[in-house]
There are 4 protein chains.
Amino acid sequence: MAKIKVGVAGYGTIGQRLADGVALQEDMELVGVADLAPTLAIRALHEKGMPYDLYLVSGADSAPFEKLGIPVAGTFDDLLDKVDIMLDSSPGGVGAKNKEIYEKKGIKAIFQGGEKNSVADVFFHGYANYEKGIGKDYLKLTSCNTTGLIRTVDCLDRAYGIEKVAITIIRRVADPGDYHRGLTNALQMDKAPSHQAVDLMTIMPHVDATGILVHTPVTHGHIITVLATGKEKITKEMALKVFEEHPRIRVVRIDDGFQGNASLFKYARDLGNPRGDMYEIGLWEDSIVESGNDIMFAINIPQESVTIPETIDGIRAACGLQATREEGTAKTNEYLKIGRFK
Amino acid sequence: MAKIKVGVAGYGTIGQRLADGVALQEDMELVGVADLAPTLAIRALHEKGMPYDLYLVSGADSAPFEKLGIPVAGTFDDLLDKVDIMLDSSPGGVGAKNKEIYEKKGIKAIFQGGEKNSVADVFFHGYANYEKGIGKDYLKLTSCNTTGLIRTVDCLDRAYGIEKVAITIIRRVADPGDYHRGLTNALQMDKAPSHQAVDLMTIMPHVDATGILVHTPVTHGHIITVLATGKEKITKEMALKVFEEHPRIRVVRIDDGFQGNASLFKYARDLGNPRGDMYEIGLWEDSIVESGNDIMFAINIPQESVTIPETIDGIRAACGLQATREEGTAKTNEYLKIGRFK
Amino acid sequence: MAKIKVGVAGYGTIGQRLADGVALQEDMELVGVADLAPTLAIRALHEKGMPYDLYLVSGADSAPFEKLGIPVAGTFDDLLDKVDIMLDSSPGGVGAKNKEIYEKKGIKAIFQGGEKNSVADVFFHGYANYEKGIGKDYLKLTSCNTTGLIRTVDCLDRAYGIEKVAITIIRRVADPGDYHRGLTNALQMDKAPSHQAVDLMTIMPHVDATGILVHTPVTHGHIITVLATGKEKITKEMALKVFEEHPRIRVVRIDDGFQGNASLFKYARDLGNPRGDMYEIGLWEDSIVESGNDIMFAINIPQESVTIPETIDGIRAACGLQATREEGTAKTNEYLKIGRFK
Amino acid sequence: MAKIKVGVAGYGTIGQRLADGVALQEDMELVGVADLAPTLAIRALHEKGMPYDLYLVSGADSAPFEKLGIPVAGTFDDLLDKVDIMLDSSPGGVGAKNKEIYEKKGIKAIFQGGEKNSVADVFFHGYANYEKGIGKDYLKLTSCNTTGLIRTVDCLDRAYGIEKVAITIIRRVADPGDYHRGLTNALQMDKAPSHQAVDLMTIMPHVDATGILVHTPVTHGHIITVLATGKEKITKEMALKVFEEHPRIRVVRIDDGFQGNASLFKYARDLGNPRGDMYEIGLWEDSIVESGNDIMFAINIPQESVTIPETIDGIRAACGLQATREEGTAKTNEYLKIGRFK
């Protein structure tokens, strides 16, 4: 069977990682990436010898690329002519415009969380609703926090039934290297309910969800506390069992040295993971407490990389590579080497 | 009636504010404060002309005070001979040793949250259990987070009945000016359940409480999200009503400019409050959401000053100045000018 | 002699402190302050009982003020009709437009550092060029860093002669309470030379100055390291002597507890200073080192309040209240109680 | 010729990177690493399949390693019996004790900056005094800031002659993942002169150096501003020329996107460098300014990895692999792929 040909639009924080992730899939071929200007990410791509071809999106000025000696493989149109599906990680709003072009070209696309839900046929999560994405042309991925959150709520729900969740998102406000946004010595409130709770209900409509989001001045991963109400009482042992079985959840303990979000970032670097990234969410065993019949726990969301596996699941669903969530996610996990530590 | 004579042991972050607060009570007399070394706080006391007498605790070296020209009124013993009650804000553990001295001298004392509960006859909160403190010799105040948290849970409980709470504490890790502790670009987990949830159950034993605490690298006030389960459904309107009536809760809105903990700190400075302090907790109206039959909301805890009013309530209870929580807290509020903005 | 009538345009971080500072001058009368919208600062003004009259600038909508019950004394025009001089701390660029109005009304004005130098007749610093401001209609104050820096370079220059300075500005990136700007876990470079070095040369044209500015994610005061080249060798003792004599320089030591910028912020709060402000810059005695014939030292700039005294000096110069720098600055110091600690 | 056999004592932040760096040297063999407890770094080593053998230092408890299934190759003694030279990155003070063992075993060692200078025969820097290390048994490397700083001062000195430097170190206070130290919303002063200036004079005794160090709450690289006085005037062009020729200096520009220390950290991750590390220091072209006859500029020090190349240079010198600084540093650069971007 021919490999699925994949392109990436927007070579930013997410786009770079999508490209790296797709390149590891043995049943896919990364045709190239498209961007607008010689950003640091593009300069780094050049310095490491152009492992991926670079295409320029409409409106790009080729002069600075020429000046820097960065080879350009063609236009956005050229890229689209070669691919089966685009992963669109353009800045918010651009994806909606790109969709018109994708439709004309007759190619599929997966959009990231910054776009409106209406851009896609299905609001997608590899574990929660893989089957809904099968054969569809346009998927939109859940955002980073929602992706990680749903991993936990979905596996609890499949095992025990979940009726209600209330979350507190302790949000990292910027990524390492960001200078266009930041917060200094302040916690910042968002109006409740947080969009992540609302998004969870879109993916899992039988669950009642709400939550509060607070921005914090850190860069290495969001932390979410989750209070989940089961159909029956869920004990700590019951919860821990399904968390430990999930390939994309890494159960950690404070006493082992995982003191917070920065420990997980350090650990991923120590592992030698590319870019120091981690695909799994962290879940603290020593945070799990029972609240009456409810269960409460805390998770860590590595915002830069957490959506990569579920996006690749999306390619599998949209292109019909695997027919079930179990097969689709297992193949992604295999190629990304997720779950080796289990 | 003679004024109650009050001393303060430990002129640190809390001790300074206790002294300031007592000095405003027209039915109390601040006899003096006691400390060990010429800290910045003591140097500032000197620079502003010694509004309070300074006594030296046992083990203090008087030489550096003399060198700096800081007048010393006497020893710790001298102070104890003049007072009816001590507010002990010594470093954790020292209060327990001081208690032996207080007992010998036959004077009452109120300890801060750093001491063990066993140091006191009653674990005290001005609004939740004022009557239990009446006439008692030794009280221990709830810590800053617990004090503010109980304000909200107690008023909901009195109005509607509360059965269960689950909290997420987004903790400020240091006070402005702290160099002995800090956190840089990291969120840090504590093992669950947080002690604040356990403490709440000690004060309000009919409530089931648990929670998770995450340290954040900021200095201007903790934020706590609270999920409270009532005996009946509590709507946003029902919750808001009792919050707005509480003199020590300041209901604020993001759209008015209260974007986070630093906005409240700024506002207290703009008010011209001494030290830029605020006695009220902030509660965001736009954080209140219903979660099924539960109610969820977020509060801001000004950690340096929030326990001052409840400690002064404690003096009123222990010394029998007022016989009911309504009278005791009202008198404290009057002298501290709490609730003027209502 | 009639008191000088003063108004303040822009009741933000600087405007509030200008108003407070002018209100303390016994030979001046604060007529009122002008602003556009019910910001937190205005709400605080209201909550504390309107110690100053509030006027609305052109374009302001009075409806929200009415809704909040905030009394408005009149329009900007009304304010201008009552004053001799305006302190303009409007957002950058607005001052230049206001100047046209001031000229029509025939009133004097002092602009803050955000405006272009061309807005004023003289780029002013109370200690460095007071005499140049005498009788002038329009002054522009040096910015916070430049104001504090010049205090040190000017006093060294008057005592020993300074030929050259090279500075490194370790800049606080936001004020406490700021949410519109911030930096998270990053140091940010500005292109050299820093404008503060250029500004110093405008005020002190016989000195050659350059420097590098680095933004840091803190809120409590800039730190500047200064390397000054004298006409002759300046020893540590020589430098210390003139720093200790300067009323607006507070010489501090690490061993006394002044560990950094946050210690000075804490100390000002402990002093009970309004808003926790400090007018003096801090200068670390234990930072002073000799570099060959040059002298190097580090200072702390309390950015919110440092320009207040020099602005009030400017009123004295522009209105001809005192004829010499010694008399003008001494009067400002007296009313602001600067130098009491010496 | 047989490969030089190298061991690493202390598998912490520096030790991990030393091991990685040595493993890339084709004329060296990494025998193994030694540590005390199953830290996160050791757990990561295990999770990635033990690319290096692990030995346990004296006092280590093997039980937790067994429980975790981490294979142990032997004792510290066993490791020492197999190596020619140890790279000692133990916690400060432990290296001095280890030295006694190294002497008994008759093996060479290179210590990191945390040890006292007296532990070694030579205080070493690959570019500045390679020849002094040739054939010596015990070297001590300069610390991270000093290593990077000397790269710049040494190349200026060799080209033009340097007489004096004055530095301001804007120090990152912790590494990513550190929880045992940190600073929150504060800049912290060290007493001047900084040890880095003193250390520079030990390595380059003909240069007069002093400086001030300020700690800042960030984790991604120190920034140092350097003011260097040449024997003759050094222009910006002259300085830039030698910086651009230096393999371990990366000249960057703000306009290219290198806005600060976090940009360089991001760029190294984008490059796909192991652990997201960078061996080169960054030097901002747009920070270079002339100050009279002096030259001033700012550099970025990637504290976790900057000393790795110079430590490997040290192996080359101590073991006599190359006879000159040019040959020794060139070989290290070749294997670490330093300077490819030039």
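Our subject is the structure listed above.
Worth saying up front: this structure is predicted, and the values here are computed from it rather than measured. (Residues numbered from 1 in each chain as written. Chains lettered and ligands numbered in written order. Predicted model: local features only at pLDDT ≥ 70, side-chain atom pairs only at ≥ 80, totals over all residues. Heavy atoms only, no water.)

J.: Is there a simple way to think about the relation of the copies chain B and chain A in this case?
T.: Note that the two copies of the chain are related through a rotation about an axis and a translation along the same axis. Rotating chain B by 180° and translating it 0.0 Å along the rotation axis places it on chain A, where the RMSD comes to 0.0 Å. Viewed as a symmetry operation, the transformation between the two copies matches a two-fold axis. Comparing contact sets, 100% of the residues at the interface of chain B also lie at the interface in chain A, consistent with an isologous, same-surface contact. (Least-squares fit on C-alpha atoms with pLDDT ≥ 70 in both. Contact = heavy atoms within 4.5 Å.)

J.: So what exactly am I meant to see when it comes to the sheet that holds strand 3 (residues 54–56) of chain C here?
T.: Neighbouring strands of a sheet are bound in pairs by backbone hydrogen bonds; such pairs are parallel or else antiparallel. All names here are of chain C. The eight strands are arranged 4-3-2-1-5-6-8-7 in an open sheet whose pairing can be described as parallel. Strands at the two margins of the open sheet, each flanked by one partner only, are strand 4 (74–75) and strand 7 (122–124). The sheet contact formed by strand 7 and strand 8 (residues 138–141) spans three bridges and is parallel. Each bridged residue has a counterpart across the sheet, and for Phe 123 the counterpart in strand 8 is Lys 140. (Pairing = 2+ DSSP bridges. Helix = DSSP H or I, 4+ residues; strand = E, 2+ residues; numbered from the N terminus.)

J.: What is the right way to read the interface of chain B and chain A from this model?
T.: Often, the extent of an interface is quoted as the loss of accessible area upon association of its parts. Taken together, the contacts link 46 residues of chain B with 46 residues of chain A. Buried surface at the junction of chain B and chain A, both sides included, amounts to about 3600 Å², of which 65% is carbon and sulfur. On the chain B side of the interface with chain A, the three residues burying the most area are Asn 185, Leu 187 and Met 189 of chain B, jointly 19% of the side's total. Between the two partners, chain B and chain A, sit four salt bridges. (Buried area = accessible area lost by both parts, 1.4 Å probe. Salt bridge = Lys/Arg side-chain N within 4 Å of Asp/Glu carboxyl O.)

J.: I would appreciate a short explanation of the pairing of strand 8 (residues 138–141) of chain D in the present structure.
T.: Working note: regular strand, side chains alternate between the two faces of the sheet. All names here are of chain D. Of the two faces of strand 8, the one holding Tyr 138 and Lys 140 and the one holding Leu 139 and Leu 141 are both buried throughout. With three bridges joining them, strand 6 (residues 108–111) and strand 8 adopt parallel strand pairing. Following the sheet pairing, Phe 111 is matched in strand 8 by Lys 140. (Buried < 20%, exposed > 50% of the residue type's maximum accessible area, 1.4 Å probe, protein only.)

J.: Looking at this structure, how should I read the relation of the copies chain C and chain A?
T.: For these two chains of identical sequence, chain C goes onto chain A by a turn of 180° and a shift of 0.0 Å along the axis, with RMSD 0.0 Å. Mapped onto chain A, 100% of the interface residues of chain C again fall at the interface, so both copies present the same surface.

J.: Looking at this model, I keep getting lost on unusual backbone geometry. Mind explaining?
T.: The phi torsion of most residues other than glycine is negative, and most of the peptide bonds are trans. Following Ala 192 of chain A, the chain continues into Pro 193 of chain A via a peptide bond in cis, with omega recorded as 0°. Tracing the backbone shows Pro 193 of chain A in the loop between strand 10 (188–189) and helix 8 (195–203). Although it is not a glycine, Lys 337 of chain A adopts a positive phi angle of roughly 60°. Relative accessible area serves as the criterion here: at 55%, Lys 337 of chain A is assigned to the exposed category. A positive phi angle, close to 60°, is found at Arg 275 of chain B, a residue other than glycine. Its location among the elements puts Arg 275 of chain B in the loop between helix 10 (261–270) and strand 14 (281–284).

J.: Is there a simple way to explain the interface of chain C and chain A in this structure?
T.: The interface is formed by 12 residues belonging to chain C together with 12 residues belonging to chain A. Roughly 1000 Å² of surface becomes buried between chain C and chain A when both sides are summed, with 53% attributable to carbon and sulfur atoms. The interface formed by chain C and chain A includes zero salt bridges. Taken together, the links from chain C to chain A amount to four residue pairs in polar contact (both at pLDDT 80 or more). Residues belonging to the side of chain C that touches chain A are distributed by class as follows: seven nonpolar, five polar and no charged. (Polar contact = N/O pair within 3.5 Å; in protein donor to acceptor, adjacent residues only side chain to side chain. Nonpolar A, V, L, I, M, F, W, Y, C, P; charged D, E, K, R; others polar.)

J.: Help me understand the sheet that holds strand 8 (residues 138–141) of chain B, please; the structure alone is not making it clear to me.
T.: All names here are of chain B. On the basis of which strands lie adjacent, the open sheet formed by eight strands has the order 4-3-2-1-5-6-8-7 and parallel pairing. Both outer strands of the open sheet, strand 4 (74–75) and strand 7 (122–124), are each paired with one neighbouring strand and no more. As paired elements, strand 5 (residues 85–88) and strand 6 (residues 108–111) share four bridges and run parallel to each other. Residue Ile 85 lies in a different strand from strand 6, and its bridge partner there is Lys 108.

J.: I'm lost on the packing of aromatic side chains in this one. Help?
T.: Here a ring pair, both rings aromatic, is described through the centre-centre distance and the interplanar angle of the planes. All names here are of chain A. Scanning the entire structure with this criterion turns up 26 aromatic pairs over all chains. Site record: aromatic cluster; members linked through ring pairs are Phe 76, Tyr 102, Phe 111 and Tyr 138. The ring of Tyr 138 has Lys 99 sitting right over it, with the charged end atom 4.9 Å from the ring centre. (Phe/Tyr/Trp six-rings, centres within 6.5 Å; stacked < 30°, edge-to-face > 60°. Lys NZ or Arg CZ within 6 Å of the ring centre and 35° of its normal.)

J.: How should the environment of Ser 90 of chain D be read in this particular structure?
T.: Residues and elements named next belong to chain D. Tracing the backbone shows Ser 90 in the loop between strand 5 (85–88) and helix 5 (94–105). Along the primary structure Ser 90 and Pro 205 are separated by 115 residues, whereas in three dimensions their C-alpha atoms are 28 Å apart. In contact with Ser 90, other than residues within four places in its own chain, are Ala 9, Gly 10, Gly 95 and Asn 98. A distance of 3.3 Å separates a polar atom in the side chain of Ser 90 from a polar atom in the side chain of Asn 98.

J.: Hey, could you run me through the environment of Ile 223 of chain D in this one?
T.: Here Ile 223 of chain D lies in strand 12 (residues 222–230). Assessed through its relative accessible area of 0%, Ile 223 of chain D is described here as buried. In the structure, Ile 223 of chain D is positioned 75 residues away from Ala 298 of chain D in sequence and 6.7 Å away in space, judged by C-alpha atoms. With residues up to four places along the chain from it excluded, the contact list for Ile 223 of chain D reads Leu 187, Met 189 and Val 214 of chain C together with Thr 168, Ile 169, Ile 170, Asn 261, Trp 284, Ala 298, Ile 299 and Asn 300 of chain D.

J.: Looking at this model, I keep getting lost on the pattern of salt bridges. Mind explaining?
T.: If charged atoms from side chains of opposite charge come close, those side chains can pair. In this structure the tally under the stated criterion is 124 salt bridges over all chains. As a salt-bridge pair, Asp 175 of chain C and Arg 181 of chain C come within 3.8 Å of each other at their nearest N and O atoms. The exposure class of Asp 175 of chain C is buried, given its relative accessible area of 7%. Three or more residues joined by partner-sharing salt bridges are found here, namely Arg 17, Asp 277 and Glu 304 of chain A together with Arg 269 of chain D.

J.: Whenever I open this one, the pairing of strand 5 (residues 85–88) of chain A confuses me. Can you help?
T.: All names here are of chain A. Alternating residues of strand 5 divide into Ile 85 and Leu 87 and Met 86 and Asp 88, and every residue in both groups is buried. Here four bridges tie strand 1 (residues 4–9) to strand 5, and the two strands are oriented parallel to one another. Across the sheet, residue Val 8 finds its bridge partner in strand 5, namely Leu 87. Handedness of the strand 5-helix 5 (residues 94–105)-strand 6 (residues 108–111) crossover: right-handed. (Right-handed = clockwise from strand over helix to strand, strands pointing away.)

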